[in-house]
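Spelled out, the chains give:
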Amino acid sequence: MSALRPWLPAMAGMTCLGLSIGLVSMFGFFVPYLSLEFGVGVAVINMAPVVFLLAPGLLSPLVGPLVDRWSIRALILLGSAVAMLSLFLLSRATSLVAVTCAFVLFALGLICYGPVVVNALMVKLYPGREARALAIASLGISVSSITLPVFVGAVLQVLDWRTSLALLSLAMLAVIWLWALLALPAGVVAAPVVEREGVGSEITRRVEFWLVGGLVAMALGVTLVLAICYPPLLVNRGFSAVQAGLFLSVGGAAGFCGKVLIAGFADAARHHTHWVVACLLLVMLTGLLLLATAQNTALLITCVALLGFSGGSFLPLHPYLNSRYFSADIIGRVNGAQSPFFLPLGLTAPPLAGYIFDQTGSYQLVVQSLALLPLIGLVLLVSLPRPAR
């Protein structure tokens, strides 16, 4: 137990990410119920993920400075309370307006205990061991994607959707608060000794800020688009929906392995970070090129595993890369200010991919086009200076 004690804050971070970003894995279970209850199409309910993407992208630059100045534990307690109570309100909603308000409140709460806050906390608490801490925290997303769908599906077999959502929201709130109160420090973590003016402009003047943000946006953009394309792409190639689900499970397991690898070796290889990132981008590129033509089961499993491994590894690598160039006292501002980098691809790529599918009946051209993104990432990596830290 004494060996685990220093890592309790990282495990608390894992819980926060698992019950924030990881909750996307249970969203689909409630879409049919909401659509039927309020008499709107599934497409309308599916606008909720756009809110989940827009809110962090637009507001994280404002939350980032708070992470460097306020108690992170207080932010996590506040954010989780707003998010989970909004889900409870959603379970009691009687109109589409109430549903919309609940989704907006959930997205706002999510920002205060999501990646920007948790990743900054890991960097501040674990100097010299940032990669391991960040990877442990990001495992929460993988664990949630594996366990939550099964658990939520079982609950919905017994209870109606309103009761299920209400009980789940209160249970998750209790879990987050318990971890936060018992495992996280109460005060401000790694606050600057002297609060200096012009920190924001100082950050954005540095080329590393733009190159790291752009590089990671390319890599995570591939993961986002593939999550949408995989099921119809695999069905078009002759696989059933159940088989497509099994392929996705392979990708999730490979992503889990990627995070574990980062946790085990990235700190030891901190002076070779460029090579680690280059290898992951090449793995992603290889997976995309193979996926463009793969037809047999073994090759498709290989493609999905390669892409899951590389995509999963980039989740902890983003804040870790920032920690190699920026000090811990401003890392919250850096991570937050880079959040808008993910909006252009996040908002335009899914509709464009859907348009291509409507025109051609396939995602083949989408996969081929995605191969450009890791290539652009490699160009940005070559332009990235060697870290002094």
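Residue positions within a chain follow its written sequence, with the count starting from 1. Confidence filtering applies because this is a predicted model: local features only for residues at pLDDT of at least 70, side-chain atom pairs given and counted only at 80 or more, and all residues used for totals across whole chains, interfaces and linings. In computing side-chain properties, one takes all heavy atoms of the structure into account and sets aside hydrogens as well as water.

To define a nonpolar core, start from buried Ala, Val, Leu, Ile, Met, Phe, Trp, Tyr and Cys residues and group those joined through side-chain atoms within 4.5 Å. Under the scheme applied here, a residue whose accessible area is under 20% of the maximum for its type counts as buried, over 50% as exposed, and between as partly exposed, the area being computed with a 1.4 Å probe on protein chains only. Counting 118 residues, the largest nonpolar core has Leu23 and Phe314 as the members making the most contacts within it. A run of H or I in DSSP counts as a helix once it spans at least four residues, and a run of E counts as a strand once it spans at least two, with each numbered from the N terminus. When residues of this core are assigned to their parent elements, the largest contribution, 16 residues, is made by helix H11 (residues 207-236). Residue contacts are defined here by distance: any two heavy atoms, one from each residue, within 4.5 Å place the two residues in contact. Ignoring anything within four residues of it in the chain, the contact list for Phe314 reads Leu215, Ala219, Leu220, Val277, Leu280, Leu281 and Met284.

This paragraph deals with the pattern of salt bridges. Salt bridge criterion: a side-chain nitrogen from Lys or Arg within 4 Å of a carboxyl oxygen from Asp or Glu. Applying the stated rule across the entire model yields 2 salt bridges. With a closest N to O distance of 3.0 Å, Arg162 and Glu37 form a salt bridge. With Arg162 in helix H9 (residues 161-183) and Glu37 in helix H2 (residues 24-38), this residue pair connects regions lying 125 residues apart in the sequence. Overall, Glu37 belongs to the partly exposed group, its relative accessible area being 42%. As a salt-bridge pair, Arg206 and Glu208 come within 3.6 Å of each other at their nearest N and O atoms.

Further remarks concern the environment of Leu90. Looking at the secondary structure, you find Leu90 in helix H5 (residues 72-92). With relative accessibility at 4%, the residue Leu90 sits in the buried group. In sequence terms Leu90 and Cys101 are 11 residues apart; their C-alpha atoms lie 8.6 Å from each other. Setting aside residues up to four positions removed in sequence, Leu90 forms contacts with Leu34, Val99, Ala102, Phe103, Trp161, Arg162 and Leu165.

End to end, helix H18 (residues 372-383) covers 17 Å across 12 residues, agreeing with the expected 16 Å (1.5 Å per residue, within 8%). Looking only at H18, the buried set comprises Leu373, Pro374, Gly377, Leu378, Leu380 and Leu381. In an axial view of H18, the angular spread of the buried residues amounts to 165 degrees, which keeps them on one side of the axis. Those residues of H18 that are exposed and angled more than 90 degrees off the buried face are Leu372, Val379 and Val382. The span you would expect from a helix comes to 1.5 Å times its residue count less one. Taken from the helix axis, the directions to the C-beta atoms give the arc we talk about.

On to the packing of helix H1 (residues 8-18) against helix H7 (residues 115-125). Axis geometry follows a simple rule: fit a line to the C-alpha atoms, using only the stretch in contact for helices, then measure angles between N-to-C directions, giving values from 0 to 180 degrees. Direction vectors running N to C along H1 and H7 enclose 170 degrees, while the axes themselves pass 10 Å from each other. Put simply, H1 runs roughly antiparallel to H7. From H1, Pro9, Ala10, Gly13, Cys16 and Leu17 reach across to H7, where they touch Pro115, Val118, Asn119, Met122 and Leu125. Residues of the contact of H1 with H7, tallied by class, amount to 8 nonpolar, 2 polar and no charged. Throughout, the term roughly parallel applies to angles under 35 degrees, roughly antiparallel to angles over 145, roughly perpendicular to angles from 65 to 115, and oblique to all others. Under the scheme applied here, ten amino acids are nonpolar (Ala, Val, Leu, Ile, Met, Phe, Trp, Tyr, Cys and Pro), four are charged (Asp, Glu, Lys and Arg), and all others, including Gly, are polar.

Interaxial distance between helix H13 (residues 273-291) and H18 falls to 9 Å at its minimum, and their mutual angle equals 165 degrees. Comparing their axes, H18 and H13 come out roughly antiparallel. The two elements H13 and H18 cross, and the hand of that crossing is left-handed. Where H13 approaches H18, its residues His274, Val277, Ala278, Leu281, Leu282, Met284, Leu285 and Leu288 are matched on the opposing element by Pro374, Leu375, Gly377, Leu378 and Leu381. A clockwise turn of the near helix away from the far one marks a right-handed crossing, whereas an anticlockwise turn of less than a right angle marks a left-handed crossing.

Time to look at the packing of aromatic side chains. Within 6.5 Å between ring centres, the rings of Phe, Tyr and Trp (the latter by its six-membered ring) count as paired, and their orientation is classed by plane angle as stacked under 30 degrees, edge-to-face over 60, tilted in between. Overall, the coordinates contain 4 aromatic pairs when judged by the stated rule. Relative to Phe341, the ring of Phe209 has its centre 5.5 Å away and its plane inclined at 85 degrees; by these criteria the two rings are edge-to-face. Of this pair, Phe209 sits in helix H11 while Phe341 sits in the loop between helix H15 (331-338) and helix H16 (343-360); the two residues are 132 residues apart in sequence, bridging distant segments of the chain. Accessibility expressed as a relative area gives 1% for Phe209, which makes it buried. Ring pairs connect the aromatic residues Phe209, Trp210 and Phe341, which therefore count as one cluster. A ring is scored as having a charge over it whenever the NZ atom of a lysine or the CZ atom of an arginine sits within 6 Å of its centre and within 35 degrees of its normal. Stacked on the ring of Phe326, the Lys or Arg Arg206 has its end atom at 4.4 Å from the ring centre.

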